[in-house]
Amino acid sequence: MKGWRGLAVGAAAVAVAVAGCGTSTPSSDSGKSGEPKTLTVWLMDGSAPTTLTDALNKEFQDTHAGVTVKYEVQKWNGIQEKLTTALTSNTPPDVIELGNTQTAKFAAEQTLLDLSGDVSSLNGDQWLSGLKDSLTWDGKQYGVPFYAANRTVLYRTDMFQAAGITAAPTSRDEWLAAIEKLKAANASDPEFQALYLPGQSWYTLLSFIWDEGGDVAKAQGSAWAGSLNTPQAKAGVDFYKKLVDASATKAPKDVDEATPQQSEVYGKGHVAMMIGLPWEVGTAAKADPTLKDKTGAFPIPSKTAGKTAPVFLGGSNLAVPAGSKNQDLAKEYLKLLSSKKYQDQLAEGGSVPGTSTDTAKLATTPVGKALAASAPNGKVTPTTPAWAAVESGQNPLKDMLTAYLTGAKSLDQATGDANTALSKLLAG
Amino acid sequence: MTAVNTTDSAVPARRSSSAPRRAAPDGARRRRGSAFDRLLPYLLLAPAVISILWLIGWPVLSVLVTSFRKLNLKELTRGEVVWVGFDNYAQILGDSTFWTIALRTVLFTAFVVVASVLAGLLIALLMRRVGTAARIALQVAMLLAWAMPLLAATTVYQWMFDQQYGILNKTLVKLGFDSFAGHSWFTTGTSTLGVIGLLIVWQAVPFLAFSLYAGAIGIPKDQYEAAGIDGASAWQTFRAVTWPELKPLLLMVTFLSMLWDFKVFAQIWAFKRGGPDGGSTTLPVYQYLEGISKSHFGVAAAISVVMVALLALLTVAYLRRLVRSQEGEL
Amino acid sequence: MRPKKVAANVAAILIAVFFAFPTYWMVTTALKPRIDLLSTGYDLIPFSLTNVNFSTAWNKPGFLNALGNSLFVSLAAVLAALVVGLLAAVALSRLRFRGRKGFVLLMLIAQMAPFEALLIPMFLMMRDLDLLDKLPALALIYFAVTLPFCAWTLRGFVNGIPLELEEAAMVDGCGRWGAFWRVTLPLLGPGLVATSVFAFVTAWNEFLFALSLMKDQTKETLPVWLSGFQTNFGTDWGGAMAASALFTLPVLVFFLIVQRKMVGGVTAGAVKG
């Protein structure tokens, strides 16, 4: 009897009912093997490898008699609605995965369990700093870093060789030069694209803006305001266009890398480079299995030769809903997941583990090596609860890119409009 | 993805316009006045009315109540009740973008309703004039359009209008319109809404065409013959015979189309989430952005209330007409 | 007259192509091999065909389970909406009583409710009824949402049946129920069929409530299952289109079964006119 029915039920009844499930009444459920319990775990589609989750769930059940792990993979489509309603239900899931850019919102709204007291038992000293920032709200920790990944330039080693490019580019100039060489070497192929770069790949844009020393938004006290109209941000947007023009990419200018899936385009074999995540190679290999061995990676080059550009650290945190009935069990589950064994498996799967600084297992593949090399330079989007609405709603950065790339707006106008829209969103 | 407010999910209801007049309009059963007879209509109506009041009326009432509260994720999950009076309404009505969006929604609805009803009517009349083969082809094609799931239809349309890989641009280039090579259909709100409007019309027309066709073939043949003898042109025949016969049915489907098209959400959201630059944002999208995306459920509820009020305003003329009309019509 | 007739037929065929094209595109996309999907070449007619997408879709876990769930909630909603709607329609069409106009208006106004906005209150309602994660909750919601339209439409169909027929049967010795059962109901067949299509397609397509109210994955309906082809990293086009085709099939079958009846009903209306 919560929320919307308040009027009919009466405030007093509401307060009583809420005490049962809204606040975090610790339940002493761990260790007692008497009652059968079900721990509901929600992970997102495509996050952890199934080999890992299978082993993890089995081990947890084996060491906790009477406990069944109800492990469910959630789809991205409609996840906002599903999380909102699930957190309101009498029996919310016990462990949920939240994107790092949306964690702040759920933490600020007090829907998650405060885990500050358990940080040390969850390998707190090894937490990936970018993710730790994203789950910290008001000085408290509301989750555990799960995994992170950043984009690198995935490229066709055979095409680079054929074009006479001997070393991976380490600066923007070298990158542009490589594009020219690739274009020249493949001039006979009308479908050829030196780089596949759709118009709204805004995570890539973040790299360029940060590389120029700018940012999308700046904190002014506790309030945030857009900073897309700064010279640095404009320079980043301008380089994006330069790259699109130089590479003569055939990618649509009004979509992001998901529609069409850029790995599918890459998989057709006429694309020399794409800016993507490690597992996108796997998707591409579904169309052409030989691509797995023909794909290398290098960090997104910086404008300063020899450095790598800062990259957006995409990833997830794991959290326990405040209304969970099995909070202690959930914590133990998280503890098991943050142990070295499973963190190594995450690294092996191609992502940066959240609670272990050991990335040796990651650096065993060429793609993983590039990822590990640029990860220390990883940054995150503004850690304000309002940011979640930027991604789940209308993202001004995407509109800005399309408007500028298609020539609908000038650089000043596009960045100015987007800045106004972004500031409005961040103001809540 | 609610099929309810999308027209693809309706049916060729054979509402022959002249039917109510043919059926003795004043009903029956006046003979005996036993208690059972007096109660009977209410007994028959009870299941429907109770269901509607319980399953729709109650949630609608909750929305109304919520519109006077501050209800974010925090209040929702913890069951806190925070009254804010008319703050939510003040916030919406004081936002200049709201008025732009409201106006856009009304215009978009008007455009889509007029286009789909007109297209439905023309196809219905066409179906009476063509040969059997062409009519069956038309009917099967419309059934296919109707049966296609919302999700699939939206995806296919996005795909057809894709800038690089879309079959539409490729075809236009093939036909000699070279400027469409790499043309983006989604750089302005108007163009985006144009494509979405086409999709909605495409989904809506089958229901309208089937209903109007059913109505049209219900028009007695002798009326046409009479008109034909007078040497009337096709347009005159339409004015003299078809239009008066179809008018009640046309008003009816126009009314239903307004209800459905005004509330369209899934298709608009799927294309560009109401972008670019909010240029294709309609009230249901605005409601979603506030409600789910920002988790301001109180504000979203207030938007819903304003939406229903606006919709009632738009349709009040029709509803009054219905109420005033003679008993048999209603 | 002749050229006019030809022009009309040509126009009809062109319009038919316009309406059928997206279905054609869905099916051919599903039949294209992965490598041909993102072609910049002119691919109106597929270069080569494969059934790999269909087997991907068919073998994606949960298909048959979701199919069963969807059939259950859709058919239950249709059946309930027809029965309850018909009772109301008969009352509104045949009987005279105080407040009749008000009830008719209720059926119309109920259709104005903003469905998406009802998600959270309906969710809380189902939670308090302890119906979350139970398929009847969905059937109940789809029933409620389609009921006003069904009752309204059926009222029109009942209006279309001459009262004299029923009265004649009553004179012949049938009771009121007998007359209704033997005369009115059979004549209503096409109307019931047409109305059921509306309710069926509505329930069959619904996504948001099915997603939010059924946390348990064994309770997934087909639209939710279908959305699984869309991930954060993009959509599996071929698979999604093949799945969509499979998703469309039951509706088409339903249409084909009832289509003859629909046309029959339409013709009956004409004869009566």
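Use the structure listed above.
Scoring rules and cut-offs
Residues numbered from 1 in each chain as written. Chains lettered and ligands numbered in written order. Predicted model: local features only at pLDDT ≥ 70, side-chain atom pairs only at ≥ 80, totals over all residues. Pairing = 2+ DSSP bridges. Helix = DSSP H or I, 4+ residues; strand = E, 2+ residues; numbered from the N terminus. Axes fitted to C-alpha atoms, helices over the stretch in contact; angles between N-to-C directions. Contact = placed C-beta atoms within 7 Å. Expected span 1.5 Å × (residues − 1). Bend = angle between axes of the 7 residues up to and from the residue. Buried ≥ 20, exposed ≤ 12 C-beta atoms within 10 Å, placed from the backbone. Parallel < 35°, antiparallel > 145°, perpendicular 65-115°, else oblique. Left-handed = near helix turned anticlockwise from the far one by under 90°. Nonpolar A, V, L, I, M, F, W, Y, C, P; charged D, E, K, R; others polar.

A. Representation of the sheet that holds strand β7 (residues 152–156) of chain A in the model. All names here are of chain A. Taking strand neighbours across the sheet as the criterion, the three strands line up as β10-β7-β11 in an open arrangement whose pairing is antiparallel. For this open sheet the edge positions go to β10 (273–276) and β11 (295–298), each flanked by a neighbour on one side alone. Across the sheet, the axes of successive neighbouring strands diverge by a mean angle of 30°, strand direction being ignored. Bridging between β7 and β10 involves four bridges; their strand directions are antiparallel.

B. Seen up close, the interface of chain C and chain B. Counting residues at the interface gives 89 residues for chain C and 91 residues for chain B. Looking at the side of chain C that touches chain B, the elements with two or more residues in it are α1 (2–31), α4 (63–94), α5 (100–109), α6 (119–128), α7 (135–159), α9 (176–205), α11 (222–227) and α12 (237–272) of chain C. The greatest single-element share of the side of chain C that touches chain B, amounting to 13 residues, is contributed by α1 of chain C.

C. Spotlight on helix α9 (residues 189–217) of chain B. Residues and elements named next belong to chain B. Taking 1.5 Å as the rise per residue, α9 with 29 residues should run 42 Å; its terminal C-alpha atoms sit 40 Å apart, in good agreement. Maximum bend of α9: about 35°, positioned at Val205, with proline Pro206 one to four residues after it. In terms of residue burial, α9 counts as a mostly covered element, since 23 of its 29 residues are buried.

D. A look at the pairing of strand β13 (residues 314–319) of chain A. Residues and elements named next belong to chain A. Within β13, six of the six residues are buried, which leaves the element mostly enclosed by the surrounding structure. Of the two faces of β13, both are covered, the one formed by Gly314, Ser316 and Leu318 as well as the one formed by Gly315, Asn317 and Ala319. Judged from the four bridges that link them, strand β3 (residues 95–99) and β13 form a sheet pairing that is antiparallel. The partner of Gly99 across the bridge, within β13, is Ser316. With five bridges joining them, strand β6 (residues 144–149) and β13 adopt antiparallel strand pairing. Each bridged residue has a counterpart across the sheet, and for Val144 the counterpart in β13 is Leu318.

E. Spotlight on the packing of helix α7 (residues 150–160) of chain B against α9 of chain B. Residues and elements named next belong to chain B. Remark: α7 packs on α9, axes separated minimally by 11 Å, with the N-to-C direction vectors making an angle of 140°. On the basis of the axis angle, α7 is oblique to α9. Crossing geometry of α7 relative to α9 is assigned as right-handed. Contacts between α7 and α9 involve Ala153, Thr154 and Tyr157 on the former and, on the latter, Val195, Leu199 and Gln203. Broken down by class, the residue content of the contact of α7 with α9 amounts to four nonpolar, two polar and no charged.

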